[in-house]
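Okay, here's what each chain looks like letter by letter:
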Amino acid sequence: MMRSVFPVLAVVAVLIAIWYAAAVWLNTPWALDKAKRAEVTLSTSDLIADTWAQDKPKLPAPHQVAIEIWNTTVEKKITSKRSLIYHSWITMSATVLGFALGTALGFALAVGIVYNRVMDMSVMPWVIASQTIPILAIAPMIIVVLNAVGISGLLPKALISMYLSFFPVVVGMVKGLRSPDAMQLDQMRTWNASGGQEFIKLRLPASMPYLFTSMKIAMAASLVGAIVGELPTGAVAGLGARLLAGSYYGQTVQIWSALLMAAALAAVLVGVIGAIQRVTLKRMGLA
Amino acid sequence: MMLVLLGLIVWAAGWVLNVWISRLPRTRATALAVPAVFGVTLILMWECLVRGLGVPSVILPPPSAILVRLGSSVPVLWLDFVQTVLKGALSGYIIGCGAAFVTAIIVDRYDFLRRGLLPVGNFMAALPVIGIAPILVMWFGFDWQSKAAVVVVMVFFPMLVNAVQGLQDTTVMQRDLMRTYAAGYWTTLIKLRLPAAMPFLFNGLKIASTLALIGAIVAEFFGSPTRGMGFRISTSVGQLALDLVWAEIVVAALAGSAFYGGIALLERAVTFWHPSQRK
Amino acid sequence: ADDMTLQLKWVTQAQFAGYYVALDKGFYGEEDLNVTIKPGGPDIAPTQVLAGGGADVTVEWMPAALSAREKGLPMVNIAQPFKSSGMMLTCRKDAGIASTDDFKGKTLGVWFFGNEFPFLSWMSQLGIPTEGGADGVTVLKQGFNVDPLLQGQAACVSTMTYNEYWQVIDAGLSPDDLVVFKYEDQGVATLEDGLYVLEDKLSDPAEVDKLTRFVRASMKGWKYAEENPDEAAEIVLDNDASGAQTEMHQKRMMGEIAKLTAGSNGSLDPADFQRTVDSLLAGGSDPVITKQPEGAWTHAITDAALN
Amino acid sequence: MSEPTVPQSQPPVIKASNLDLTFQTNDGPVHALKGVNLDIGKGEFVSFIGPSGCGKTTFLRCIAALEQPTGGTLTVNGMTPDDARKARAYGYVFQAAGLYPWRTIGGNIRLPLEIMGFSKEEQAKRVKKTLELVDLAGFEKKFPWQLSGGMQQRASIARALAFDAEILLMDEPFGALDEIVRDHLNEQLLALWSRTGKTIGFVTHSIPEAVFLSTKIVVMSPRPGRITDVIDSRLPRDRTLDIRDTQDFMDIAHRVREGLRAGHAYD
Amino acid sequence: MSEPTVPQSQPPVIKASNLDLTFQTNDGPVHALKGVNLDIGKGEFVSFIGPSGCGKTTFLRCIAALEQPTGGTLTVNGMTPDDARKARAYGYVFQAAGLYPWRTIGGNIRLPLEIMGFSKEEQAKRVKKTLELVDLAGFEKKFPWQLSGGMQQRASIARALAFDAEILLMDEPFGALDEIVRDHLNEQLLALWSRTGKTIGFVTHSIPEAVFLSTKIVVMSPRPGRITDVIDSRLPRDRTLDIRDTQDFMDIAHRVREGLRAGHAYD
Ligand SMILES: Nc1ncnc2c1ncn2[C@@H]1O[C@H](COP(=O)(O)OP(=O)(O)OP(=O)(O)O)[C@@H](O)[C@H]1O
Ligand SMILES: Nc1ncnc2c1ncn2[C@@H]1O[C@H](COP(=O)(O)OP(=O)(O)OP(=O)(O)O)[C@@H](O)[C@H]1O
Ligand SMILES: Cc1ncc(C[n+]2csc(CCO)c2C)c(N)n1
Ligand SMILES: [Mg+2]
Ligand SMILES: [Mg+2]
């Protein structure tokens, strides 16, 4: 435990130190600009203090972000629109729904690719091409089109999440479902196993390690999708809306706290999959 | 209605054609023909459905209109391509992957860093681009430098993780062999660990190639000069010039696929020895 | 009650106070309407939402609406609660700008996404090319905020009297450090924040009736907001789901908005319309619209609503 | 020693006549089997021996209908190999243990039983019985990686035995084991064979092993894989390891070695 | 046969006294070597035999300084194994061929030569020579995966021979080969040994192989790995395969087998 915690803490400490230094560096021009216009001269310590306490800094100091996060999580009722937990929750619901849809789609495509020769030969290049399309560009169109057919609310956002999250699942699951070697497949043949039995008893369990790894990537992608999806839905609520609103008003502290919150949310969601992975693989004797 | 029906017929015909081709012996030609037929089928169906259902072209233009626009806007598309792909994405890609590679070698050398940096790295990789892009635009200005910075941030961690993993992908026996030759760190790195890491490095390079393009385009949504694919897309949506929007998307997808394909070819040439590349 | 959806041009803020007041005070309810207000944002083109059927009515700027009309989307102005334009170009004195003659060779921040039309026609009237160079101006696609001005990346940025201008002030620049060019003062003002619908709605008497009731209630909301700006700002805050708006900013914005809506009873002044059209037609080599639009506005709704 | 003939009274279980198999690969066709003729009677223990790549595995795979011959005929119990496969006539032990890592030892042995639809009680009974047969009682709940290589190999044999197929095909099952463990398993395999009267096809690289186990030794030559010698063993059916020191044993071993050397080109 | 002693005149090349090695694993320590005493003289051919997991590989690795003993002393040419390693005293052949797949056969053999800074011409000359030695002339430009397992194994032996190390350590180098190829390589190895006078440490699972090759056979027992018997072979240094039919050979083989069986627990 100590072996893994200490290096992480050390790296985090160094990062925070760099962060403070960078805050001084990036925020100094504005502090000097302000001082010049106010016609005062700043001592070094005044300058540093100022760079760590600006209202709209180019880079907020870590403690400013920490205080903002504290104020918008612990200090606010979680039903409040000013609570980051409330916004995280909104983003999370779209993320999880999109993730579920994406995993299902990715899984279905992978099964198709593994079992159908035409799909095997035709689908993959297009799946790759689909991922080179900038999602932020088509997200508004997706929302409008879905709106036109009367779908709104959670689902459009979830569909954008799905678009981003199915890709790692397809790639991973095709690998995973193909991971049984020729001998294992031959064994099934000598027992005259049906296609379904082969899938349930061999291909599926063999693909589990791949599935979990790709689900972790998919979850992170799904979160990005949910945040992207929040922008063209009117940025009503959610972490994406907070990012945007922060951006709109130049509230860097708010941007950074939403960013860190998003990363923390990703860490939690990926952690949950990791936990399920450990339990499942342990029970399967694979861990 | 006729057109809708036609769309479905096209779909069925394409599928049947593909089933037929896929039964032929596997050659380079059939391997290319099947996805091509699939793509053409999709496009024809799109054309039929858009026309058949009377979808307004300010919502979704038919492929034919996109093609016409693609032909008539070559100068604009080229200008945007240079700005976004060559200046933003490519430079960021090279810097980001290069930096990640160098970092990986350092991280790999010091176990302490690996255990400390990788978990933190995973956390940072989860920072959504849309959040980082406005910040980087604020730091690095409007032109392509900030786009490159976004790309650097996006590609850095996937590349780092793959490179670190790759550098460790040697067997005990391969390393012991080097020890019996009394080979030093650098010799082992160059003769053993780098070649062994190639499959992973290329995996990282492939993932990074799609990310790079997306990153460069997305960053342009948050401030840019009056050129670039992201600029054109967002501006044209506002002007309801959806055909131009889609023309840009087509260029993006082509550039992305070509980029990816190019790296895949390079991979084939460099890691010809890896089981996944042999047939 | 009849369902209606209103698509806003931008995020929930006092710029749209009239509609939120009408909703909150029950003015829509009194007209037997069940109105849903959809906030906009940087990625939402209200024209496209309207085309896609995602909304019945949308708040849009006239240049964008007329441009869309030329592209084949038959948008019609049914009411114009905003009398005057709030657009301006805010410049730093220390960047060497004192008058429009100083623009040459400078970098200017401009909003795109359909909001660039007024700027482009202004520049073409000034005869300044926008492709950069010593004789022209370099145009930046300005992001969501006024950072480029604060960071010194641009000499001027686009601002609204009621919003971005105050962000510049809040950031620490004083009005003395700034020079502002209001589009109104430059004679290139175009109409902002009108209510638009698709043409076919107007041929259906039932729809016309709905729209009439909607405009009547909305204008009631606007007048209420003008008279009670602080309360209106509170109502806007209550409706902001992102929780990012501040009371101080919204109250101040409401005060500024009231100046722009004052003088309009909701009915479009054809002279204002013509001034906008002329400005857009005058766009030099690449005008925003190429011919005098026909049927781009109607008084049918406001006449019915206001009498 | 003359060419053996199967007694007329009993039709052969496996009958190959003029069997041919050519693989199409991208650097031309590979002629893996050429004109193979072989009859295997019920209850025989047949070993296949020959240099690497001569087609031993291929022939076993043809019998099990894992490979489709390109010429000649092959019948198993009078039917096609594929029908025999569908009738679940085969227990096949592959060269590597190939246990599924996500199933316990018991679960691995249960796998074919599940697939063949045995009842739950029957499954449990058979798993228990075969585990005892290979000296693995008590290891049912362990996962494969918790066992040594030899134990895994025995588990994989147990898996092939569990559903009592009439024909047991084993492809170098003991290749990875050390000599002592191998001797032990050889004895056990012989005991099982004489108890059950199964027909066994067995591939090996070891001359002593082939001689020790078989009633018939098939020597093959490299590509195109042909049968160069078929040796019927005069050794008694009941054998102990000591038999290896007898002259008979050495004679047969010598004949096998000579046969092998004749066909051998060093890779 | 009494415990052998190395002649006083010639100090042993490898000398282990009371060697101990314990691995710390997460389920407790594994005692891999315990009180191992062994002297190997210059030019001897020493085979190690013993059940799986008894520490044969571990001992070889200690000699090559790939493992650090936890007790006792071990000297090679009077220095520590690590100094001997740095002096490039060893050629080590691992159980699997372990060729680098991105290098051709020639490139693989050239690898140690590059590292040790031989000149280009010298490299080419030695590659050519060792390739001929293992019967692989003409395969220099091929990649490992284009060769059969046996050919790969021979290439890996060539790689260990190329730089003419004084001591050759071989860990079951022929484990994966069939008997005929194995015999052939055994003969070649003996020829090489008598020509060069190298000191060879050789791990095998095969009793005949051990007896056929060695001047000294070390029998080990399972954990904690100990030496239970050291047999000095009376067989002449010049041997052909026929020697396997002599009584001397069988006697030694028998003694080895007994020694092995004693320490064996069936796993
Ligand atoms: N699927 C295949 N495609 C092409 N060639 C094949 C295939 N399977 C086997 N071969 C070739 O057929 C020949 C016989 O192979 P087979 O595996 O039967 O040999 P074997 O006698 O079992 O050898 P070993 O002792 O090495 O297992 C070999 O030359 C091999 O390369
Ligand atoms: N790195 C290690 N960590 C922990 N235990 C080890 C390690 N290497 C070997 N062992 C243990 O030490 C013992 C001796 O292993 P070693 O590899 O020397 O056996 P061996 O005699 O070579 O066996 P085999 O014939 O199977 O190759 C075994 O029980 C093994 O599990
Ligand atoms: C990408 C982007 N496009 C346009 C605007 C400007 N804008 C659209 S509506 C409106 C009214 C009130 O704020 C303003 C200013 C922006 N800020 N960002
Ligand atoms: Mg085989
Ligand atoms: Mg070993």
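Residues numbered from 1 in each chain as written. Chains lettered and ligands numbered in written order. Predicted model: local features only at pLDDT ≥ 70, side-chain atom pairs only at ≥ 80, totals over all residues. Heavy atoms only, no water.

The name given to chain D in an unreviewed UniProt entry is Taurine import ATP-binding protein TauB, with the source organism recorded as Pseudoprimorskyibacter insulae.

Going by an unreviewed UniProt entry, chain A carries the name Riboflavin transport system permease protein RibX and comes from Pseudoprimorskyibacter insulae. Heading Subcellular location (unreviewed entry) of the UniProt record for chain A holds this comment: "Cell membrane". Per UniProt, the comment on chain A under Sequence similarities (unreviewed entry) is "Belongs to the binding-protein-dependent transport system permease family." (UniProt positions renumbered as here; feature names shortened; annotations may be inferred.)

*Asks:* Mind showing me how you'd approach the state of the cysteines here?
*Replies:* By definition, a disulfide is the covalent link that joins the sulfur atoms of two cysteine residues. Scanning the entire structure with this criterion turns up 1 disulfide over all chains. Each sulfur in the disulfide pair C:Cys91 and C:Cys156 lies 2.2 Å from the other. On the S-S bond that ties C:Cys91 to C:Cys156, the torsion sits near 105°, and the link is right-handed. In this pair, C:Cys91 sits in strand E5 (residues 87-92) while C:Cys156 sits in strand E8 (residues 156-160), placing the two residues 65 residues apart along the sequence. C:Cys91 gets classed as buried once you look at its relative accessible area, which sits at 0%. Sulfur of E:Cys54: no disulfide; nearest cysteine sulfur belongs to E:Cys62 and is 13 Å away. Residue classification places E:Cys54 among the buried residues on the basis of a relative accessible area of 1%. In this structure E:Cys62 comes out as buried when scored by relative accessible area, which is 0%. (Disulfide = S-S within 2.5 Å. Helix = DSSP H or I, 4+ residues; strand = E, 2+ residues; numbered from the N terminus. Buried < 20%, exposed > 50% of the residue type's maximum accessible area, 1.4 Å probe, protein only.)

*Asks:* Even after reading the chapter, I still don't get the interface of chain B and chain A, so can you show me in this structure?
*Replies:* It is common to report an interface's size as the accessible area lost on association of the parts. Counting residues at the interface gives 49 residues for chain B and 50 residues for chain A. Roughly 4300 Å² is buried in total at the junction of chain B and chain A, and carbon and sulfur atoms are behind 82% of that figure. In terms of surface lost to chain A, no three residues of chain B exceed B:Arg115, B:Ile130 and B:Trp139, which account for 14% of the buried area on that side. Here chain B and chain A share 0 salt bridges between them. If you look at where chain B meets chain A, you find 4 residue pairs in polar contact (both at pLDDT 80 or more). (Contact = heavy atoms within 4.5 Å. Buried area = accessible area lost by both parts, 1.4 Å probe. Salt bridge = Lys/Arg side-chain N within 4 Å of Asp/Glu carboxyl O. Polar contact = N/O pair within 3.5 Å; in protein donor to acceptor, adjacent residues only side chain to side chain.)

*Asks:* In this structure, what is going on with the packing of helix H4 (residues 120-133) of chain E against helix H5 (residues 149-162) of chain E? I would like to understand it.
*Replies:* If you want to describe how two helices pack, look at the angle between their axes and the distance between the axes. Residues and elements named next belong to chain E. In contact at an axis separation of 9 Å, H4 and H5 are set at 135° when each is read in the N-to-C sense. With respect to H5, the element H4 is oriented oblique. Of the two possible hands of crossing, H4 and H5 adopt the one that is right-handed. Contacts between H4 and H5 pair Arg126, Thr130 and Leu133 from the former with Ala158, Leu161 and Ala162 from the latter. Along the lines of polarity and charge, the residues of the contact of H4 with H5 split into 4 nonpolar, 1 polar and 1 charged. (Axes fitted to C-alpha atoms, helices over the stretch in contact; angles between N-to-C directions. Parallel < 35°, antiparallel > 145°, perpendicular 65-115°, else oblique. Left-handed = near helix turned anticlockwise from the far one by under 90°. Nonpolar A, V, L, I, M, F, W, Y, C, P; charged D, E, K, R; others polar.)

*Asks:* Before we go on, may I ask you to explain the interface of chain A and chain C in this structure?
*Replies:* Each partner contributes residues to the interface: chain A has 31 residues there, and chain C has 37 residues. Both faces combined, the contact of chain A with chain C buries some 2700 Å², and carbon together with sulfur accounts for 53% of it. Inspection of the region where chain A meets chain C yields 1 salt bridge. C:Arg92 is the salt-bridge partner of A:Asp33, the closest N and O atoms lying 3.1 Å from each other. For the interface between chain A and chain C, the tally reads 2 residue pairs in polar contact (both at pLDDT 80 or more). Going through the elements one at a time, helix H1 (2-38), helix H4 (84-115), helix H6 (135-148) and helix H10 (239-248) of chain A are the ones with two or more residues in the side of chain A that touches chain C. Split by residue class, the side of chain A that touches chain C holds 17 nonpolar, 7 polar and 7 charged.

*Asks:* For this particular structure, what's the right way to read the packing of helix H4 (residues 62-70) of chain C against helix H12 (residues 270-281) of chain C?
*Replies:* Residues and elements named next belong to chain C. At their nearest, the axes of H4 and H12 sit 11 Å apart, and the two run at 70° to each other. As far as their axial angle goes, H12 and H4 are roughly perpendicular. When you trace H4 past H12, the crossing you get is right-handed. Where H4 abuts H12, its residues Met62, Pro63 and Leu66 lie against Phe273, Thr276, Val277 and Leu280. Class assignment of the residues belonging to the contact of H4 with H12 gives a composition of 6 nonpolar, 1 polar and no charged.

*Asks:* Please clarify how the arrangement of the chains should be interpreted in this entry.
*Replies:* A comparison of contact numbers over the 7 pairs of chains in contact places chains A and B at the top. With no contact formed, the shortest span from any C-alpha in chain C to any C-alpha in chain D equals 48 Å. Across the gap from chain A to chain E, with no contact made, the nearest C-alpha atoms are 14 Å apart.

*Asks:* What is the right way to read the nonpolar core from this model?
*Replies:* When a protein is soluble and globular, its nonpolar side chains tend to lie buried together. Among the nonpolar cores identified, the biggest contains 240 residues, and C:Tyr19, C:Phe103, C:Leu195 and C:Phe214 are the most heavily contacted of them. Counting residues per element, this core draws most heavily on helix H9 (residues 195-230) of chain A, which supplies 14 residues. In this structure, C:Phe214 is in contact with C:Met4, C:Leu6, C:Tyr28, C:Leu33, C:Val35, C:Val57 and C:Leu195, ignoring residues within four places of it in sequence. Of all hydrophobic cores here, the second largest spans 59 residues; its members include E:Phe59, E:Leu66, E:Ala97 and E:Leu111. (Core = buried A, V, L, I, M, F, W, Y, C linked by side-chain atoms within 4.5 Å.)

*Asks:* Explain the sheet that holds strand E2 (residues 28-40) of chain D here, please?
*Replies:* Backbone-to-backbone hydrogen bonds pair the strands of a sheet. The strands run either parallel or antiparallel. All names here are of chain D. Pairing in this open sheet of 3 strands is antiparallel, and the strands run E2-E1-E4 from one edge to the other. On the outer flanks of this sheet lie E2 and strand E4 (71-76), each paired with one strand and no other. Going across the sheet, the axis of each strand differs from the next one's by a mean of 30°, ignoring polarity. One ladder, built from 5 bridges, connects strand E1 (residues 14-25) with E4; its direction is antiparallel. Residue pairing for E4: Ala16 is matched across the bridge by Leu74. (Pairing = 2+ DSSP bridges.)

*Asks:* How should I be thinking about the pattern of salt bridges in this particular structure?
*Replies:* Close approach of charged atoms allows side chains with opposite charge to pair. Per the stated rule, a full pass over the model turns up 65 salt bridges over all chains. Note that A:Arg203 is salt-bridged to A:Glu198, the shortest N-O span being 2.9 Å. Classification of A:Glu198 as buried rests on a relative accessible area of 17%. Salt bridges sharing common partners tie together A:Arg189, D:Asp82, D:Arg85 and D:Lys86.

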